[in-house]
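The lines below spell out each chain.
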Amino acid sequence: MSNYDSVHRRSIEHPEDFWAEAAAAIDWHTAWNRVLDDSNAPFYRWFAGGRLNTCHNALDRHVDGGRADQAALIYDSPLTDSLRTLTYRELRDETALFAGVLAANGIARGDRVIIYMPMIPEAIIAVLACARIGAVHSVVFGGFAANELAMRIDDAKPKAIVSASCGIEPNRIISYKPLLDQAIELASHTADFCVILQRPEERAKLISGRDIDWHEAVAGASPHECVIVDATDPLYILYTSGTTGEPKGIVRDNGGHAVALHWTMKNIYGVDPGEVYWAASDIGWIVGHSYIIYAPLLHGNTTVLFEGKPVGTPDAGAFWRVVSEHNVACMFTAPTAFRAIKQQDPDGTLIGDYDLSRFRTLFLAGERCDPDTLHWAETKLGVPVIDHWWQTETGWAIASNCLGIEKLPVKAGSTARAAPGWDVTVLDADGAKMPPGQVGAIACKLPLPPGTLSGFWQADDRYKKGYLDRFPGYYETGDAGYIDDDGYIYVMSRTDDIINVAGHRLSTGAIEEVLAAHPDVAECAVMGVADDLKGQLPVGLVVLKAGVNRESDDIVAEIISMVRERIGPVAAFKKAVIIGRLPKTRSGKILRGTMQKIADSEEYRVPATIEDPLVLDEIRDAMRSIGYADAAR
Ligand code: COA
Ligand code: AMP
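### Overview of the packing of aromatic side chains
Then step 1. Following the criterion strictly, the structure yields 36 aromatic pairs and no others.
Then step 2. Pairing Tyr236 with Tyr294 gives two aromatic rings, centres 6.3 Å apart and planes at 10°, and the pair type is stacked. Here the residue Tyr236 occupies a position in strand E14 (residues 234-240), and Tyr294 occupies one in helix H10 (residues 286-298), the gap between them amounting to 58 residues. As far as the burial class goes, Tyr236 and Tyr294 line up, both buried.
Then step 3. Ring geometry for Trp278 versus Phe319: centroids 5.0 Å apart, planes at 75°, classification edge-to-face. Here Trp278, found in strand E16 (residues 276-279), pairs with Phe319, found in helix H11 (residues 318-325); they are 41 residues apart in sequence, far enough to count as distant.
Then step 4. Trp278 gets classed as buried once you look at its relative accessible area, which sits at 0%.
Then step 5. Aromatic rings pair up to connect Tyr269, Tyr277, Tyr291, Phe332, Phe363 and Trp390 into one cluster.
Then step 6. Cation over ring: Arg152 sits above Phe144, and NZ or CZ is 4.6 Å from the ring centre.
Then step 7. Across from the ring centre of Tyr488, 4.5 Å away, lies the NZ or CZ of Lys411, which sits over that ring.

Here it is in structure tokens:
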């Protein structure tokens with residue numbers, strides 16, 4: 001039996017022994033009573049009765065254990081032309097001071113703190129400061145609009161919001177403060193106070209009595225010690241797209257999270273403590289939470305925080321500059337970043353300008369990786385390129401080539417085999433197991449390993465209904481795909497309305513809700529159509545109310561700006577077309593899948609239940625008018 005097989009088998013047959021062993025790498029204040037508490041199945045709790053502090057494990061433990069002067073964080077920002085390194089001691093001290101600011105203003109264990117910040121060290125300090133005092137952070141991605149922030153404020157009910165004066169995109173400064181003020185205005189819940197970090201690129205006007213200046217507050221603060229919490233206490237809430245406009249608050253615990261994330265660094269990514277690890281993502285996404293912040297720090301690595309883009313800051317060589325300048329051993333990003341680089345530097349000429357001799361592995365995730373991109377990266381970089389699959393909900397990889405255990409052969413198009421802890425299977429609509437090679441719903445047998453979601457924030461019934469009820473005893477991933485004869489997993493598409501735009505997860509249902517709110521719109525459908533750069537792009541089809549005879553271009557421009565206003569620029573919603581009617585089944589179901597295939601010029605079957613097949617010709621013409629459905633031919 002291969003090493004991978006024996007490790008995987010043990011993790012499934014003896015999960016408690018397996019994870020208890022992994023837990024020995026973490027500092028515990030109090031040992032757990034039960035490794036796995038299954039008394040409330042299908043909800044499971046790992047390390048029940050155990051007590052610890054995540055920030056202690058990410059920072060203080062390394063300061064005390066000999067890494068005080070090792071770089072913990074390298075902030076590299078081509079957007080502001082700055083570079084800053086914080087050692088473990090410096091990061092610990094700055095975190096302790098900011099924890100002091102929060103505590104002095106009344107934040108205590110269990111209180112929620114929303115963090116709406118760009119990619120700057122203070123964002124990581126704010127996150128770790130919350131963990132230090134047992135407060136529950138909820139980071140909101142900077143590319144979301146005020147309305148999305150307001151929804152998260154109303155759901156998490158934070159006592160404090162930490163933000164910055166601005167974020168920086170290559171073509172513009174994003175003024176955060178007006179967005180924050182607007183969100184606070186829109187929300188029904190009111191936070192007690194805000195802490196605002198003033199960036200030199202743009203200073204914000206603070207509201208007296210509500211806003212605290214970060215630098216002033218830190219100057220007068222006393223450092224705060226780590227507060228011991230239960231292993232099962234929430235560490236953070238991270239909202240992700242659901243099937244409606246209402247986001248899902250994924251809750252992560254403290255104990256299982258620390259154990260699992262620490263374990264992944266060596267076993268999946270194959271890195272040793274002290275090495276430099278770089279996840280080129282954003283702290284607002286799960287990859288940023290797990291692999292910019294927590295996992296590398298828990299494991300004693302140096303993490304890189306990159307405020308820039310794969311292209312344009314200043315060129316398609318930016319990634320190679322960072323890898324070479326900071327001696328990155330292992331990098332993690334989304335395939336879309338590579339597609340962007342490949343578009344601008346197809347021969348990989350810029351790679352040759354840098355010394356990448358210390359660079360060992362590239363990991364990709366966040367969306368399906370097309371084999372072309374995988375092969376391009378392998379050939380140009382000359383290192384293994386590992387596609388691995390995971391979700392906000394799972395917090396770490398469900399399937400990966402686990403380099404620290406055994407490097408399995410790479411099969412392009414597959415995310416390799418189930419990671420230890422994961423019992424992955426493919427089910428048909430009735431819950432029966434599908435034979436190898438056949439596409440069905442990918443599900444994971446419960447209990448899920450530690451570090452995965454413990455539920456939804458104050459909505460466990462929604463979690464149960466959305467993920468656990470359809471296939472009793474399993475977690476339904478929402479992804480469809482198949483497993484081949486060698487156990488390799490192929491993730492092909494979603495079974496719901498989620499689309500993946502430049503590695504960013506979006507709900508077409510949420511975009512439809514915005515379109516439907518336009519006064520002239522009677523009906524609409526939004527679907528993700530294939531895009532060479534971003535993987536998918538949302539496209540809207542809109543039917544107007546009877547009697548509306550305004551210019552189509554004006555209405556399209558209005559709905560595009562409504563999506564940007566209400567969801568945010570990250571939705572990348574730039575194409576919509578007005579049509580006479582939508583294709584539907586006789587029972588009234590909109591045939592989104594068929595329309596998507598038409599847009600992508602794929603073959604499709606005319607559904608037997610369609611009300612009027614002729615409408616599909618109208619859809620093809622409409623799609624061609626906006627550049628899809630083989631418009632060029
Ligand atoms: N704050 C404010 N606005 C943001 C933002 C942020 N943090 N991040 C993105 N945006 C804006 C962009 O400026 C852009 O605005 P525009 O419509 O005015 O041009 C819009 O949101 C869409 O952004 P994006 O989809 O990222 O497209 P892009 O054209 O700016 O960049 C890539 C394309 C491929 C370079 C970029 O998407 C990328 O680097 N992707 C990597 C994906 C990734 O890290 N995923 C995380 C999972 S691993
Ligand atoms: P997010 O929660 O934003 O990480 O998005 C999770 C979703 O992205 C998954 O459910 C998949 O649909 C998709 N995804 C992530 N990684 C991969 C991958 N390696 N291959 C295919 N799809 C992926």
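So that's the structure; there's more coming.
### Some points on the sheet that holds strand E4 (residues 71-77)
Then step 1. Taken together, the seven strands give an open sheet; going across it, the order is E5-E4-E17-E16-E18-E19-E20, and neighbouring strands pair in mixed fashion. Unpaired on one side and paired on the other, strand E5 (82-87) and strand E20 (385-387) mark the two borders of the sheet. Along the sheet, successive strands turn relative to each other by an average axial angle of 20°, direction set aside.
Then step 2. Here four bridges tie E16 to strand E18 (residues 328-333), and the two strands are oriented parallel to one another.

### Considerations on the site of ligand 2
Then step 1. Around ligand 2 sit 16 residues, and of these Asp387, Thr392, Asp479, Arg494 and Arg505 come closest.
Then step 2. Arg368 places a main-chain nitrogen or oxygen 3.5 Å from a nitrogen atom of ligand 2.
Then step 3. Burial of ligand 2 by the protein chains amounts to 93% of its free accessible area of 490 Å².

### A word on the confidence of the model for the protein
Then step 1. The predicted model of the protein has a mean per-residue pLDDT of 96, with 99% of residues at 70 or higher.
Then step 2. At the level of individual helices and strands, the protein shows its lowest average pLDDT in strand E27 (residues 504-507), which scores 92, and its highest in helix H5 (residues 121-133), which scores 99.

### Some remarks on the domain arrangement of the protein
Then step 1. When its domains are assigned, the protein resolves into domain 1 (3-308 + 388-481) and domain 2 (502-625).
Then step 2. Computed from C-alpha coordinates alone, the two centres of domain 1 and domain 2 are separated by 34 Å.
Then step 3. If you look at the interface, domain 1 gives 20 residues, while domain 2 gives 14 residues.
Then step 4. Summing both partners gives a buried area of about 1200 Å² for domain 1 against domain 2, and 46% of it is carried by carbon and sulfur.
Then step 5. When the area that domain 1 buries against domain 2 is broken down by residue, the three leading residues are Ala145, Ser241 and Trp285, summing to 32%.
Then step 6. Inspection of the region where domain 1 meets domain 2 yields one salt bridge.
Then step 7. With its nearest N and O atoms 2.8 Å apart, the salt bridge here joins Glu393 to Arg505.
Then step 8. Where domain 1 packs against domain 2, one counts six residue pairs in polar contact (both at pLDDT 80 or more).

Rules and cut-offs
Throughout this description, residue numbers start from 1 for each chain and increase along the sequence as written. Whichever chain is written first becomes A and whichever ligand is written first becomes 1, with later ones labelled in order. The model is predicted, so local features are restricted to residues of pLDDT at least 70 and side-chain atom pairs to those at 80 or more, both for listing and for counting; the totals for chains, interfaces and linings are taken over all residues. To obtain the side-chain values, all non-hydrogen atoms of the structure were included, while hydrogens and water were left out. Only Phe, Tyr and Trp rings are paired, with Trp represented by its six-membered ring, and only when their centres lie within 6.5 Å; those with planes under 30 degrees apart are stacked, over 60 edge-to-face, the remainder tilted. Strands are runs of DSSP state E lasting at least 2 residues, helices are runs of H or I lasting at least 4, and numbering of each runs from the N terminus. Relative accessibility decides the category of a residue: with a 1.4 Å probe and only protein chains considered, values under 20% of the type maximum give buried, values over 50% give exposed, and everything between is partly exposed. Should the NZ of a Lys or the CZ of an Arg lie within 6 Å of a ring centre and within 35 degrees of the ring normal, that charge is described as sitting over the ring. Whether two strands pair comes down to DSSP finding at least two bridges between them. The convention used is that axes are lines fitted to C-alpha atoms, helices contributing only their stretch in contact, and that angles between N-to-C directions extend from 0 to 180 degrees. A molecule or strand has a residue near it when one of that residue's heavy atoms lies within 4 Å. Definition of a polar contact: a pair of N or O atoms within 3.5 Å, with one able to donate and the other able to accept a hydrogen when the atoms are protein atoms, and with sequence-neighbouring residues admitted only if both atoms are side-chain atoms. Each accessible area value is a Shrake-Rupley result obtained with a 1.4 Å probe; residue values ignore everything except the protein chains displayed when judging cover. Confidence scores labelled pLDDT are given residue by residue by the predictor and lie between 0 and 100. Boundaries of every domain are those given by an automatic assignment or by a domain database. The contact criterion used throughout is that any non-hydrogen atoms of two residues lie within 4.5 Å. Two parts placed together each lose some accessible area under a 1.4 Å probe, and adding up what both lose gives the buried area. Salt bridge, as used here, is a side-chain nitrogen of Lys or Arg placed within 4 Å of a carboxyl oxygen of Asp or Glu.

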